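As a plain string of letters, each chain reads:
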Amino acid sequence: MYSEKVMDHFQNPRNMGEIEDASGVGTVGNAKCGDIMRIYLDIDEEQVIRDVKFKTFGCGAAVATSSMATELVKGRHIKEAMQITNKAVAEALDGLPPVKMHCSLLAEEAIHAALWDYAQKHEITIEGLEKPKSDIHEGEEAEEEAY
Amino acid sequence: MKPFIYLDHAATTKTAKEVVDAMLPYFTEQFGNPSSIYGIGAAGKEAVQGAREQIAHSLGVQSNEIYFTAGGSEADNWALKATAEAYAAKGKHIITSAIEHHAVLHTCQFLEKHGYEVTYVGVDENGILKLDELKAAIREDTILISVMFANNEIGTVQPIEEIGALAREHDILFHTDAVQAYGQIPIDVERCHIDMLSASGHKLNGPKGIGFLYIRKGLKIRSFIHGGAQERARRAGTENVPGIVGLGAAVARAMEHMEQRAAQETALRDYLIERIEAEVPYCRLNGDRKKRLPNNVNFSFRFVEGESLLIMLDMEGICASSGSACTSGSLDPSHVLLAIGLPHEIAHGSLRLTLGEETTREELDYVIEAVKKIVARLRAMSPLYEDFIKSGKAEKQI
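What you see is a predicted model, and the numbers here were worked out from it, not measured in a lab. (Residues numbered from 1 in each chain as written. Chains lettered and ligands numbered in written order. Predicted model: local features only at pLDDT ≥ 70, side-chain atom pairs only at ≥ 80, totals over all residues. Heavy atoms only, no water.)

With that out of the way, let us pick up the overall build of chain A. Tallying secondary structure elements over chain A gives six helices and three strands in all. Listed N to C, the secondary structure of chain A is α-β-β-β-α-α-α-α-α in terms of helices and strands. The C-alpha radius of gyration of chain A comes to 15 Å, within 12% of the 15 Å expected for a compact globule of 147 residues. Overall, the C-alpha framework of chain A stretches about 40 × 40 × 25 Å when taken along its three principal axes. A buried classification covers 53% of the 147 residues belonging to chain A. (Helix = DSSP H or I, 4+ residues; strand = E, 2+ residues; numbered from the N terminus. Rg over C-alpha atoms; globule rule 2.2 N^0.38 Å. Buried < 20%, exposed > 50% of the residue type's maximum accessible area, 1.4 Å probe, protein only.)

So, about the interface of chain B and chain A. Interface size is commonly expressed as the accessible surface area that is lost when the partners come together. With 30 residues of chain B in contact, the opposing surface of chain A contributes 33 residues. Of the roughly 2,800 Å² buried at the junction of chain B and chain A (both faces included), carbon and sulfur atoms supply 60%. Summed over the shared surface of chain B and chain A, the number is five salt bridges. We note a salt bridge from B:Glu386 to A:Lys55, for which the minimum N-O separation is 3.4 Å. (Contact = heavy atoms within 4.5 Å. Buried area = accessible area lost by both parts, 1.4 Å probe. Salt bridge = Lys/Arg side-chain N within 4 Å of Asp/Glu carboxyl O.)

A few words now on the side chain of B:Ser58. Residues and elements named next belong to chain B. Relative to the helices and strands, Ser58 resides in helix α2 (residues 39-59). Among the polar contacts listed, one links the side chain of Ser58 to the side chain of Tyr182, at a separation of 2.6 Å. With residues near it in sequence (within four places) discarded, Ser58 still touches Tyr182, Val251 and Met255. (Polar contact = N/O pair within 3.5 Å; in protein donor to acceptor, adjacent residues only side chain to side chain.)

On to the pairing of strand β4 (residues 117-121) of chain B. Residues and elements named next belong to chain B. Bridge analysis of strand β3 (residues 93-97) against β4 gives five bridges, and the strand direction is parallel. Each residue of the ladder has a partner; that of His93, found in β4, is Glu117. Tracing the backbone out of β3, into helix α4 (residues 102-113) and back to the parallel element β4 gives a crossover that is right-handed. (Pairing = 2+ DSSP bridges. Right-handed = clockwise from strand over helix to strand, strands pointing away.)

Our focus in this paragraph is the packing of helix α2 (residues 60-73) of chain A against helix α5 (residues 101-121) of chain A. Residue and element names in this part refer to chain A. Relative orientation of the contacting elements α2 and α5 amounts to 40°, with a least axis distance of 9 Å. One way to sum up the angle between α2 and α5 is to call them oblique. Classified by chirality, the crossing of α5 by α2 is right-handed. Between α2, through Ala61, Ala62, Thr65, Ala69 and Val73, and α5, the contact on the second element is made entirely by Cys103, Ser104, Ala107 and Ile111. Across the contact of α2 with α5, the residue classes tally to seven nonpolar, two polar and no charged. (Axes fitted to C-alpha atoms, helices over the stretch in contact; angles between N-to-C directions. Parallel < 35°, antiparallel > 145°, perpendicular 65-115°, else oblique. Left-handed = near helix turned anticlockwise from the far one by under 90°. Nonpolar A, V, L, I, M, F, W, Y, C, P; charged D, E, K, R; others polar.)

Attention shifts here to unusual backbone geometry. Residue and element names in this part refer to chain B. Backbone geometry places Asn205, a non-glycine residue, at a positive phi of 65°. The residue Asn205 is located in the loop between β7 (196-200) and β8 (211-215) in this model. On the accessibility criterion, Asn205 (14% relative accessible area) is buried. Positive phi outside glycine occurs at Glu231, with the angle close to 50°. By the secondary structure assignment, Glu231 is in helix α7 (residues 230-233).

Quick look at the confidence of the model for chain B now. Residues shown with low pLDDT carry predicted positions that ought not to be read at fine detail. Per-residue confidence for chain B gives a mean pLDDT of 95; residues scoring 70 or more make up 97%. Reported confidences for the modelled complex are a pTM of 0.93 and an ipTM of 0.89. (pLDDT = per-residue confidence, 0-100.)

Attention now goes to the pairing of β7(B). Residue and element names in this part refer to chain B. Of all the five residues making up β7, five are buried; the element is thus mostly covered by neighbouring parts of the structure. Residues Met196, Ser198 and Ser200 line one face of β7 and the alternating positions Leu197 and Ala199 line the opposite face, and both faces are buried. Looking at chain direction, β7 and β8 are connected through five bridges and run antiparallel. The partner of Ser198 across the bridge, within β8, is Leu213.

Before going further, it helps to examine the environment of B:Ile215. All names here are of chain B. With respect to the helices and strands, Ile215 occurs in strand β8. Residue classification places Ile215 among the buried positions, given a relative accessible area of 1%. Remark: the alpha-carbon pair of Ile215 and His57, spanning 158 residues in sequence, is separated by 14 Å. If near-sequence neighbours (up to four positions away) are discounted, Ile215 is found in contact with Glu65, Tyr67, Trp78, Asp195, Met196, Ile221 and Arg234.

This next bit is on the nonpolar core. Among the nonpolar cores identified, the biggest contains 72 residues, and A:Leu115, B:Ile276, B:Phe301, B:Leu309, B:Leu313, B:Leu351 and B:Leu353 are the most heavily contacted of them. Those residues within four positions of B:Leu353 in sequence are excluded, and the remaining contacts are B:Leu7, B:Leu272, B:Ile276, B:Asn295, B:Asn296, B:Val297, B:Ala320 and B:Val367. If you look at the next biggest cluster of nonpolar residues, it comprises 53 residues, including B:Phe68, B:Ala150, B:Ala178 and B:Ile244. (Core = buried A, V, L, I, M, F, W, Y, C linked by side-chain atoms within 4.5 Å.)

Turning our eyes to something else, we now look at the sheet that holds β4(B). Residues and elements named next belong to chain B. The sheet built from seven strands is open, its strands ordered β2-β8-β7-β6-β5-β3-β4 with mixed pairing. If you trace the sheet from one side to the other, it starts and ends with β2 (66-69) and β4, each paired once. Taken pair by pair, the neighbouring strands of this sheet meet at an average axis angle of 20°, ignoring direction. Each of β3, β4, β5 (142-146) and β6 (173-177) touches α4; the most contacted strand, β4, lies at about 145° to it.

Moving on: a nonpolar patch on the surface. Residues and elements named next belong to chain B. A cluster of nonpolar side chains, Val20, Leu24 and Phe27, forms an exposed patch at the surface whose accessible area comes to about 260 Å². Locating Val20 in the fold gives a position in helix α1 (residues 17-23). Since its relative accessible area comes to 31%, Val20 is described here as partly exposed. (Patch = residues over 30% accessible without salt bridge, like charges linked within 9 Å, V, L, I, M, F, W, Y side chains within 5 Å. Areas by Shrake-Rupley, 256 points an atom, 1.4 Å probe, with all protein chains shown as cover.)

Before going further, it helps to spend a moment on the sheet that holds strand β9 (residues 283-285) of chain B. In sheet architecture, strand pairing relies on hydrogen bonds along the backbone and comes in two forms, parallel and antiparallel. Residues and elements named next belong to chain B. Across the sheet, which stays open at both edges, the three strands sit in the order β9-β10-β12 with antiparallel pairing between neighbours. Here the strands that pair on one side only, and so sit at the sheet edges, are β9 and β12 (350-354). Each adjacent strand pair in this sheet contributes to an overall mean axis angle of 25°, direction not counted. Across three bridges, the pairing between β9 and strand β10 (residues 296-301) is antiparallel. Following the sheet pairing, Leu285 is matched in β10 by Phe299. Where helix α8 (residues 241-279) meets the sheet, its contacts fall on β9, β10 and β12, and the angle it forms with β10 comes to roughly 15°.

The structure is reproduced here in structure tokens:
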């Protein structure tokens, strides 16, 4: 059901990991739906994304879209990163099955959430960037009940 | 070379060679319609009757109480819809469990839209039906109790005898979906007061597209498919002769080896459970440890998601299944895992491994190593695991 590119990014995810003292970190999705995505950005003084890493809890499409999204923003100015849409992420992966399109939306939101965190820390405004609406607290509460 | 390890026998099984051999002549030389008067028609009729007797014998019932269907789902639909119709004058209340197969659950939802009331009785944390809840749900107008013999996801075997006794005591019909249990564990229709029972061919090394519904003699039950007089005029349509012959052969075969196969699979099942519990941290066995089908293993692995797990297992040559949302085609994980009280994200990380008669210990050793490696890899990618480790909770729980 997945394209070769999705399978490639799932099997060999690019930029998987963490960045210590990242300029911005964004986490979106919720465990209840089975998808959580976290993006770490390292942004220099020129507002260029020097490094990016991700961690994802989710299906094959969620992992692949995270991986592709990091490739698309790496080395870009934050203004360019803002232009990357979920559609672009899905297209770069040669498409996603219709039921998985929400995964690509999550990737776009994760980048925005990390940029928001960066903007907050540096007290700047990024044009077109709104406060991220997704959060993972719902899932965290449920987790406490379990064990 | 990548191996091929099939651990999804609850989904379907390989049709046994002797079953295929038994079926083949009925596609070619013996292609006649059992309703025809001439020789090859009679041969088909005889073969269908022979299979009917094999099946009746396996359950200790009469052959004219067995009705062939196109599979388990049809049998479930028939049992529920036709009972609802035939007994509507008595009442319009049906009781079932929260963990039924969709063939029962969705049929119940259909009946709810047509004026029937359905009570979905809950299960405990191991997936065993709550008998006191069932008892409390019984009403004057209850016409049917339908509870599966064993669950398809977590393998829990239900207290069927107790449920049957309750149904009999209150003069309520009792149907059981035995698709997973039939041929795996002994079923005593009389002792359990079972009035109707659904089963399917392809779960016991028989062909797909064939199953049956046992209907106790004397029950009012309406025709499900209208047309010719086949199946005592209750299920019209020219018989699927090769399928029926295959089902009969598969049943005879399954019954002959049931005890030995169950012992072998139970030993392997417990070996697999024991090693996963010992070697993979933060896992949970879903389903009852003892009241469990011989071939079922179901685990939840915290911080990982089921579909990712399945894809990675597939890359290692292992066929398995999961109750995660991504494999169910919706945003919600399996209703069975939610019914036993698992929070959503733990339910998303479930893995079902169902063994078969050909499963070996060597295969399981390979699977265990693969699961360990893959779970570790997915956890390294998981923000939930990262948070868990950084929170310091991990040390407390080891």
